[in-house]
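Geometric and topological summary
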Amino acid sequence: FATIDPDTWARYRNPIQLALSVRPERWRALASSETFLRSYQAVRSSLNRYLAADASTWFRRRFPGYDRGPIAYFSMEFGVHSSLAVYSGGLGVLSGDHCKAASDLGLPFVAVGLLYRNGYFRQTVDSDGRQQHTYPEYDFDRLPLRPAVSASGREVVVKVPLPSREAPLPTREVSLKVWVAQVGRVPLLLLDSDIPQNDPSDRPITNILYTQGREMRLAQEVLLGVGGVKALRALGIDPSAWHMNEGHSAFLQLERMREAVASGATPAAARSLVVRNTAFTTHTPVPAGNEQFDPILARRYLEPFAGPLAVSVDELQAMGNADHGEPNQNFNLTAVALRLSSFANGVSKLNAEVTSRMWRHLLPGAPEGPPGIVPITNGIHTETWLGPEMLELLGQRIGPGWRDSLLEPEAWRAAVEAIPNEDVWLAHMAQSERLGRFLRSRLRDQQARLGTAPEDLRQIDGLFHADALTIGFARRFATYKRASLIFGDLHRLRNLLADERRPVQILFAGKAHPADRPGQELIQHIFQLSQEERFRGKVFFVEDYDMRVGKMLVSGVDVWLNTPRRPMEASGTSGQKAAVNGALNWSVLDGWWPEGYDGENGWVIGYPKEYFDPAEQDRDDAQTLYQTLEEQIIPEYYARDERGLPQRWIARMKRSIATLGPAFSAHRMVRDYAELAYVPLALRG
């Protein structure tokens with residue numbers, strides 16, 4: 001479609017919107033174009049071949065006798081494509097990649113989330129560096145969605161009880177329309193409360209992802225869990241195993257227990273039943289990432305469950321106690337999910353160790369399953385995040401079955417190491433040039449919005465050079481990620497960036513939640529530094545971070561910087577996306593990096609130890625950061641042979657692709673879930 005109307009594609013980046021925007025006379029011309037029709041048929045044939053190969057997928061070969069229902073995967077957000085704004089960052093992108101890999105591997109799989117009318121906020125930054133938030137209203141008929149229909153052909157609408165706003169009525173009902181986004185072989189069910197059947201005050205419940213109001217947020221999570229179960233039932237889908245991706249969806253277990261009690265089970269038997277075939281993934285040890293609610297508010301939303309479950313509200317509320325000894329504890333959804341699952345995992349080895357220590361006091365009560373939180377390290381859907389030139393190079397050098405090699409590390413490594421250095425460098429430079437064009441266009445738009453004069457806008461054309469050492473940093477601007485660590489010694493950094501013989505440029509992108517004032521202040525600080533004369537043209541902040549911006553950055557930079565305060569990073573996948581494109585990770589030994597770093601495929605910041613003084617940790621990490629940049633990264637990047645190739649650097653790039661590509665692919669991750677959790681849980685359940 002991009003060849004039909006480049007201007008419209010650049011504006012919308014949404015195939016449905018683009019198709020609706022093409023003029024009828026243009027369609028008539030295309031209908032008689034042999035070139036277009038051949039391209040159209042090629043795309044259709046490729047999709048049909050993909051879908052027809054279901055019987056020969058990895059899952060069917062690995063579990064040939066599997067005859068159970070699908071795995072139901074619940075998540076608060078899904079990053080499938082930038083045009084479908086139902087994600088905010090890492091958790092959602094991980095969920096989207098999980099669905100894509102499940103489709104590739106042929107798992108029986110269905111995903112459930114919410115459909116947000118206004119999505120997550122769009123970000124702009126004013127002239128003072130303050131983050132501004134806007135919430136566009138999306139027309140679902142112009143997105144890659146379709147209404148879900150039942151066996152009778154009717155659109156599916158389910159009803160969820162919530163506590164009434166008016167005494168003495170105990171509950172009110174909120175209706176949810178079910179939509180489907182098809183992710184390859186995987187249906188993604190998205191629930192929408194913004195429909196005429198609902199009271200005007202209930203229609204906005206699903207409008208904004210991570211809404212700030214605590215009661216609205218709790219209502220969202222009840223709708224996700226309870227409404228998700230009801231939607232599956234209405235569509236005739238009977239899952240054999242259930243997966244809660246973070247605690248947001250924990251109410252699904254209360255709904256499943258209600259079903260069991262309604263069918264004659266005792267409350268204890270109902271609880272045992274739902275625990276047997278449920279997995280739970282915890283993503284963060286950071287308190288703000290473990291959803292919890294005021295006990296009085298939680299009690300109101302638990303009351304509608306008490307009668308149908310034949311238990312007291314106090315018993316339900318106790319499921320959410322983190323049990324750290326304080327009175328009147330908040331209702332913690334991570335605690336609920338841990339108590340109501342028999343398999344729990346962290347998203348890296350270090351994260352599993354940290355969260356096991358945090359929650360070990362809740363785990364022994366699980367009647368079955370592992371004794372603690374086990375690691376299944378996150379991975380990425382490689383094809384989604386590869387730049388076009390690197391994707392083409394792998395296809396040429398490894399062959400059309402290169403995706404299958406992601407589950408064969410030795411074959412992948414041998415094939416990557418055999419690629420000529422010059423080919424790797426040319427592919428990387430082409431992607432860096434594309435990043436430069438994108439960055440200059442983005443900067444022109446940003447500066448024009450701020451009122452920059454036309455003659456000054458033309459100066460942007462001279463910014464960013466693809467052959468200069470480019471460092472990228474893009475992620476959520478939470479303070480523990482320490483985006484400003486590289487600015488710890490401004491004089492030292494200025495001297496490094498001012499060297500015209502060995503130029504260095506740094507790209508930043510990321511959003512801070514509208515309620516996160518310290519995160520927004522961090523964005524303001526970095527933006528203001530980028531506008532200072534000593535850093536202008538060397539440090540850039542790119543607005544409105546999303547999947548498209550992320551892919552541009554990870555596919556075009558030379559170095560990917562990651563500076564979390566160890567051990568607070570659960571996993572982090574942006575560095576994995578950069579790695580398969582040949583960018584070299586430069587990271588604190590936190591999250592996935594302790595498993596990936598081998599001494600040759602990137603660099604380490606700081607030391608692998610725990611600190612009691614954050615200021616001491618910052619000083620140590622900043623010192624090693626500058627030392628590595630001065631003594632290793634810059635000299636190695638600019639050490640060129642007679643053909644202008646940085647041979648040592650390219651060797652590291654190939655090492656990065658060869659060692660990190662298979663180990664941190666979503667194919668490997670989903671395979672691990674299937675073998676360690678999904679199939680054992682399905683057979684047990």
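The present account deals with the structure reproduced in this document.

**Topic: the overall build of the protein**
A count of helical and extended segments in the protein gives 26 helices and 20 strands. On C-alpha atoms alone, the protein measures out to a radius of gyration of 25 Å, which is about the 26 Å that the 2.2 N^0.38 rule sets for 685 residues. In terms of overall dimensions, the protein has a C-alpha envelope of 80 × 70 × 55 Å along the principal axes. Relative to its 685 residues, the protein shows a buried fraction of 57%. When contacts within the protein are restricted to residue pairs at least 6 apart in sequence, long-range pairs at least 24 apart make up 72% of them. Total accessible area on the protein is roughly 27500 Å²; 51% of this is exposed by carbon and sulfur atoms. The distance from the centre of the 78 positive side-chain charges to the centre of the 80 negative ones in the protein is 3 Å.

**Things to note about the environment of Glu 675**
For Glu 675, the location among the structural elements is in helix α26 (residues 666-684). The class for Glu 675 is partly exposed, based on a relative accessible area of 30%. With 613 residues separating them along the chain, Glu 675 and Arg 62 place their C-alpha atoms 9.2 Å apart. Setting aside its immediate chain neighbours within four residues, Glu 675 contacts Trp 58, Arg 62, Phe 63 and Pro 680.

**Concerning the nonpolar core**
Generally speaking, nonpolar side chains in soluble globular proteins are found buried as a group. Ranked by internal contacts, the top residues of the largest apolar core, which has 117 residues, are Leu 107, Phe 251 and Leu 254. Ranked by residues supplied to this core, first place goes to α26 with 10 residues. Ignoring sequence-local partners within four residues, the contact set of Leu 107 consists of Trp 58, Phe 59, Ala 102, Val 670, Ala 674 and Tyr 678. The next biggest cluster of nonpolar side chains, apart from the first, holds 87 residues, and it includes Ala 466, Phe 477, Val 504 and Ala 583.

**Quick notes on helix α21 (residues 547-556)**
Among the 10 residues that make up α21, eight are buried, leaving the element largely enclosed by the rest of the structure. Where α21 begins, one side-chain oxygen reaches toward the backbone nitrogen of Arg 548, 3.1 Å away; that side chain belongs to Asp 546.

**Examining the sheet that holds strand β15 (residues 469-474)**
The six strands lie next to each other as β17-β16-β15-β18-β19-β20, forming an open sheet whose pairing is parallel. What marks the edges here is a single partner per strand, and that holds for β17 (539-542) and β20 (602-605). Adjacent strand axes in the sheet meet at a mean angle of 20°, parallel and antiparallel pairs treated alike. In this sheet, strand β16 (residues 504-509) lies alongside β15 in parallel orientation, the contact comprising six bridges. Among the inter-strand pairings, Leu 469 is bridged to a residue of β16, identified as Val 504.

**Some details on the pattern of salt bridges**
Any two side chains of opposite charge can pair, given that their charged atoms come close. For the structure shown, the criterion picks out 45 salt bridges. A salt bridge links Arg 217 to Glu 291, with the nearest nitrogen and oxygen atoms 2.7 Å apart. One end of the pair, Arg 217, is in helix α7 (residues 214-234); the other, Glu 291, is in the loop between β10 (278-281) and β11 (292-293), and 74 residues separate them in sequence. Comparing Arg 217 with Glu 291 shows no difference in burial state: the two are buried. A salt bridge links Asp 461 to Arg 444; its shortest N-O distance comes to 2.5 Å. Here Asp 461 is found in the loop between α18 (454-457) and β15, whereas its partner Arg 444 is found in helix α17 (residues 421-449), with 17 residues between them in sequence. Using a relative accessible area of 46% as the deciding quantity, one classes Asp 461 as partly exposed. Look at Arg 444 and you get partly exposed, because its relative accessible area is 29%. Connected through salt bridges with shared partners, the residues Arg 117, Asp 192, Asp 194 and Arg 203 form a single ionic network.

About the cut-offs
- Residues numbered from 1 in each chain as written.
- Predicted model: local features only at pLDDT ≥ 70, side-chain atom pairs only at ≥ 80, totals over all residues.
- Heavy atoms only, no water.
- Helix = DSSP H or I, 4+ residues; strand = E, 2+ residues; numbered from the N terminus.
- Rg over C-alpha atoms; globule rule 2.2 N^0.38 Å.
- Buried < 20%, exposed > 50% of the residue type's maximum accessible area, 1.4 Å probe, protein only.
- Contact = heavy atoms within 4.5 Å.
- Areas by Shrake-Rupley, 256 points an atom, 1.4 Å probe, with all protein chains shown as cover.
- Lys, Arg positive; Asp, Glu negative; His and termini not counted.
- Charge placed at Lys NZ, Arg CZ, Asp CG, Glu CD.
- Core = buried A, V, L, I, M, F, W, Y, C linked by side-chain atoms within 4.5 Å.
- Polar contact = N/O pair within 3.5 Å; in protein donor to acceptor, adjacent residues only side chain to side chain.
- Pairing = 2+ DSSP bridges.
- Axes fitted to C-alpha atoms, helices over the stretch in contact; angles between N-to-C directions.
- Salt bridge = Lys/Arg side-chain N within 4 Å of Asp/Glu carboxyl O.

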